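Chains, contacts and geometry: an overview
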Amino acid sequence: MKYKSIKGTKDILPDESYIWIEVENRIRNIMHTYNYKEIRTPIFEETKLFARGIGEFTDIVGKEMYTFVDRGGDSLTLKPELTASVIRAYIQHNLGEKQPLTKVYYISPAFRQERPQAGRLRQFHQFGAEAIGSKYPIVDAEIISLSSKIYESFGIKNYKIKINSVGCEVCRNEYKTILKKFLFEISDKLSPESQKRINVNPMRILDSKDEDDIKATKDAPLILNYLCDDCKNHFNQLEELLNFLDIKFEVDGRIVRGLDYYTKTAFEIISTELGSQDALAGGGRYDLLIKELGGKDTPAVGFAAGMERLLMVLQKQNQNKFQAPKPKVFIAYTDQSFEKITFNLAHKLRSNGISCEFDFLKRSLKSQMREANRQNSDYVIVIGEEEINSNWLQVKNMRTGEIQKVGIENLENYFLGLDE
RNA sequence: GUGUCCAUAGUUCAGUUGGUUAGAACGCCAGGUUGUGGCCCUGGAAGUCGAGGGUUCAAGUCCCUCUGGACACCCCA
């Protein structure tokens, strides 16, 4: 085979695309019920935006981005996540000046050059939402409510919401010092990987999957006990709000977000049925990002979720039974000389918004009937000598097998009346 | 980037210690008397056995390299 899709990319073929469309539509509907409006940003941005926004030393920026130099000599990057782009647009278009709180959502491809595995592709799709402009925990609660509502509405079972606070600049740094001290003391019991991370990213060690790490850090200090009053208060209020809405969650002091910009609230929605990449969605508050990217000091919260992962769970739980598009009417003809008349009839029906199909391969009537069946069309009309002479058409209902005679002048109305 | 396993018709898979024209099922195509699908029956098309190299009288089968896939690490949605 000469040409193949790039490693870690996937074609969404016709027998699957309708599922994507349906899922996207439902996500949009839920976003709209929460009054979030869609924002679409370009597929690539200046490389610096991500380096600045996500963090120079994160793995995403350091080794996973698709970065290239364009013909003008500028360094550009295919977006590895959406928040940085959304915030760039927010700042660039002064959205904060039009209203104090901006609520936007997106459904978009994103790109990371990682080794593909279950639930991970190099071109993948994320949906998510950002609420920009409020520092109050009720927005954090809305974001969590919104993200979990999406999974709930698809009938997904076995997902968990885990929340944590990663503190603010002040209390997190104090905590990191304490944590590092603890980790150094037990460093001989940690995995080699984690030993290297003590200075670089100590909080990540608490999230390690390594057995030794898990054992060794069993009694590690957790940030929740070291939050400053403001952060502690914020977290308590969030818990209270979630309880008030009856949203089930777990507090997990070990959740860490991979992107540098998070402050205070961090949360994840995980599924027990996803294999190793078990996060359906992740998000949290990022009060420092907008200023970091050159905007005004503006608080914000958001979440990002993986489309492919949602689709995986839907399939595993057999919840992806959506209706594939199909023609309402299939027009079959008994002789090739009626092909043009058939085309013309199809044209009329289509002009009236009635989806229909006919044969393009000059096949036998039997083959056309089989085709109509395969297409799952609701009705079949047969065009032949008699019909053309009499102007009465036989309309066969493919569910019941019943055949009705319909005058050609009433045909559109017949099908439109059946709509509903 | 690391590791393990894998790669044969459109799809899912067989293919015996290396040995004639590489098989099955499903799918696809055409038929099963004059103008009606789904089941059934008959027939048919379809594979550079992932790519390249090597060993051998002989390679789908053994060896090497590459590419791709699955899963895990890493990282993260």
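Computed from a predicted model, the values in this text were never measured in an experiment.

1. Topic: the protein's contact with RNA strand B
In the region of RNA strand B, 51 residues are neighbours, and R120, R197, R204, S276 and Q394 sit closest. Each atom of RNA strand B within 4 Å of the protein belongs either to a base or to sugar and phosphate, the latter forming 55%. In the environment of RNA strand B, a phosphate oxygen lies 2.2 Å from a nitrogen or oxygen atom belonging to the side chain of S276. Within the contact set of RNA strand B, a base nitrogen lies 2.9 Å away from a side-chain nitrogen or oxygen of N373. Looking at the surface near RNA strand B, the elements that each hand over two or more residues are α3 (59-64), β6 (123-132), β10 (279-285), β11 (300-306), α15 (365-374), α16 (385-390) and β15 (392-397). Sort the elements by how many residues they give to the surface near RNA strand B and α15 lands first, with seven residues. Its residues assigned to classes, the surface near RNA strand B comprises 13 nonpolar, 17 polar and 21 charged.

2. What to know about the packing of aromatic side chains
Note on aromatic pairs: each is described by the distance of the centres and the angle between the planes. Enumeration over the complete set of coordinates arrives at 10 aromatic pairs. Aromatic side chains F127 and F303 sit 6.3 Å apart centroid to centroid with 80° between the ring planes, which places their arrangement in the edge-to-face category. Here the residue F127 occupies a position in strand β6, and F303 occupies one in strand β11, the gap between them amounting to 176 residues. Their ring planes at 90° and their centres at 6.5 Å tell us that Y262 and Y286 sit as a pair that is edge-to-face. Residue Y262 is located in the loop between β8 (250-251) and β9 (263-271), and its partner Y286 is located in the loop between β10 and α12 (289-292); the two are separated by 24 residues in the primary sequence. Clustering of aromatic rings is evident, with ring pairs tying together F343, F358 and F360.

Cut-offs used in this document
- Residues numbered from 1 in each chain as written.
- Chains lettered and ligands numbered in written order.
- Predicted model: local features only at pLDDT ≥ 70, side-chain atom pairs only at ≥ 80, totals over all residues.
- Heavy atoms only, no water.
- Near = heavy atom within 4 Å.
- Polar contact = N/O pair within 3.5 Å; in protein donor to acceptor, adjacent residues only side chain to side chain.
- Helix = DSSP H or I, 4+ residues; strand = E, 2+ residues; numbered from the N terminus.
- Nonpolar A, V, L, I, M, F, W, Y, C, P; charged D, E, K, R; others polar.
- Phe/Tyr/Trp six-rings, centres within 6.5 Å; stacked < 30°, edge-to-face > 60°.

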